[in-house]
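The lines below spell out each chain.
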Amino acid sequence: MDTKDRIKQIMEDQHMSQQVFADFLQQSPATLSSIFNGRTRPTLNIVEAIKTKIPDINTDWLLWGSGSMYLSSSRPGGEVTSGISESHSPAQEQTIDFAPSAPSPHTGTFFPITDTPPAPAQHSVKNTRSEKPYEEIKIIDKPTRHVTEIRVYYDDQTYETFVPAKQS
């Protein structure tokens, strides 16, 4: 079960339709639809909206599936708490991706490599950043490319070929 399935489980536990749940989180129904259909990944804004509206939700469970769904075991099912959520602009949203970063074919690019998801110190989305240092890998074995030929095509169906002079 991944994050989108757990979000859907929260929605069902709250006895809400997708439209009502989107309104409750102050998100567009299309945003939830694209998450549930797998077209997009859940963003941190969605997770924060859920945590703001349902403070008893366990963020460890929501993000990684560890622990129980709610922080307190005596929580009555279906209870919804109201809260005020900040509106977030879509340009600020970041997607949640727990897969380790893969090397890039581009020369000189650095990537963090992690083998486990970060362990949060507290039950808060803002405190889930890992204190684990990351390893930097620089890819340097890609050969330098050189221009060997340039062709210019004209509208009269002719072309010219230009070859750079050899450097000695």
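Bear in mind that the values here come from a model prediction, so they are computed numbers and not experimental data.

Draft legend 1. Structural context of the nonpolar core. The biggest cluster of nonpolar side chains holds 22 residues, and the ones touching the most others in it are Ile-7, Ile-10, Phe-21, Ile-50, Ile-54, Ile-57 and Leu-62. Those elements that place two or more of their residues in this core are helix H1 (3-13), helix H2 (18-24), helix H3 (29-36), helix H4 (44-53) and helix H5 (59-64). Here this core takes four residues from H4, the largest share from any one element. Sequence-distant contacts of Leu-62, defined by excluding residues within four places in its chain, comprise Thr-3, Arg-6, Ile-7, Ile-10, Val-47 and Ile-50.

Draft legend 2. Structural view of the environment of Asp-13. Here Asp-13 lies in helix H1. A polar side-chain atom of Asp-13 sits 2.2 Å from a polar atom in the side chain of Tyr-70.

Draft legend 3. Examining the pairing of strand S1 (residues 150-153) more closely. Pairing of S1 with strand S2 (residues 159-162) involves four bridges; the strand directions are antiparallel. In the sheet register, Tyr-153 faces S2, and the bridge partner there is Tyr-159. Counted between consecutive antiparallel strands, the loop separating S1 from S2 contains five residues, among which Gln-157 sits at a positive phi close to 70°.

Draft legend 4. Just H1, in detail. Inspection of H1 places Thr-3, Arg-6, Ile-7, Ile-10 and Met-11 among the buried residues, and these make up the whole buried set. Buried residues of H1 fall within an arc of 145° about the axis and therefore sit on the same side. In the core, the buried residues of H1 are packed alongside H2, H3, H4 and H5. Directly beyond the C-terminal end of H1, a positive phi value near 55° is found at His-15.

Draft legend 5. Representation of the packing of aromatic side chains within the structure. Evaluated as defined, the whole model comprises two aromatic pairs. Look at Tyr-153 and Tyr-159: their rings are 5.3 Å apart centre to centre, the planes differ by 40°, and that puts the pair in the tilted class. Owing to a relative accessible area of 57%, Tyr-153 belongs among the exposed residues under this scheme. Seen from the ring of Phe-36, Lys-8 lies directly overhead, with NZ or CZ sitting 5.1 Å from the centre. Positioned above the aromatic ring of Phe-24 is the side chain of Lys-53, whose terminal nitrogen or guanidinium carbon lies 5.5 Å from the ring centre.

Draft legend 6. Just the confidence of the model for the protein, in detail. Within the protein, residue pLDDT values average 74, and 61% of them lie at 70 or more. Confidence scores differ between elements of the protein, with H5 showing the lowest mean pLDDT of 88 and H2 the highest of 92. Contacts of residues 74-92 to residues separated by more than four positions or lying in other chains number 25 contacts, the stretch itself having pLDDT below 50. Throughout residues 100-107 the model reports pLDDT below 50, and contacts reaching past four residues in sequence, or to other chains, amount to 15 contacts.

Draft legend 7. The arrangement of unusual backbone geometry in detail. Although it is not a glycine, Gln-26 sits at a positive phi angle of roughly 60°. Note that Gln-26 resides in the loop between H2 and H3. The backbone of Gln-157 shows a phi angle near 70°, a positive value even though the residue is not glycine. In this structure, Gln-157 sits in the loop between S1 and S2. In this structure Gln-157 comes out as exposed when scored by relative accessible area, which is 73%.

Basis of the calculations
Residues numbered from 1 in each chain as written. Predicted model: local features only at pLDDT ≥ 70, side-chain atom pairs only at ≥ 80, totals over all residues. Heavy atoms only, no water. Core = buried A, V, L, I, M, F, W, Y, C linked by side-chain atoms within 4.5 Å. Buried < 20%, exposed > 50% of the residue type's maximum accessible area, 1.4 Å probe, protein only. Helix = DSSP H or I, 4+ residues; strand = E, 2+ residues; numbered from the N terminus. Contact = heavy atoms within 4.5 Å. Polar contact = N/O pair within 3.5 Å; in protein donor to acceptor, adjacent residues only side chain to side chain. Pairing = 2+ DSSP bridges. Arc of directions from axis to C-beta. Phe/Tyr/Trp six-rings, centres within 6.5 Å; stacked < 30°, edge-to-face > 60°. Lys NZ or Arg CZ within 6 Å of the ring centre and 35° of its normal. pLDDT = per-residue confidence, 0-100.

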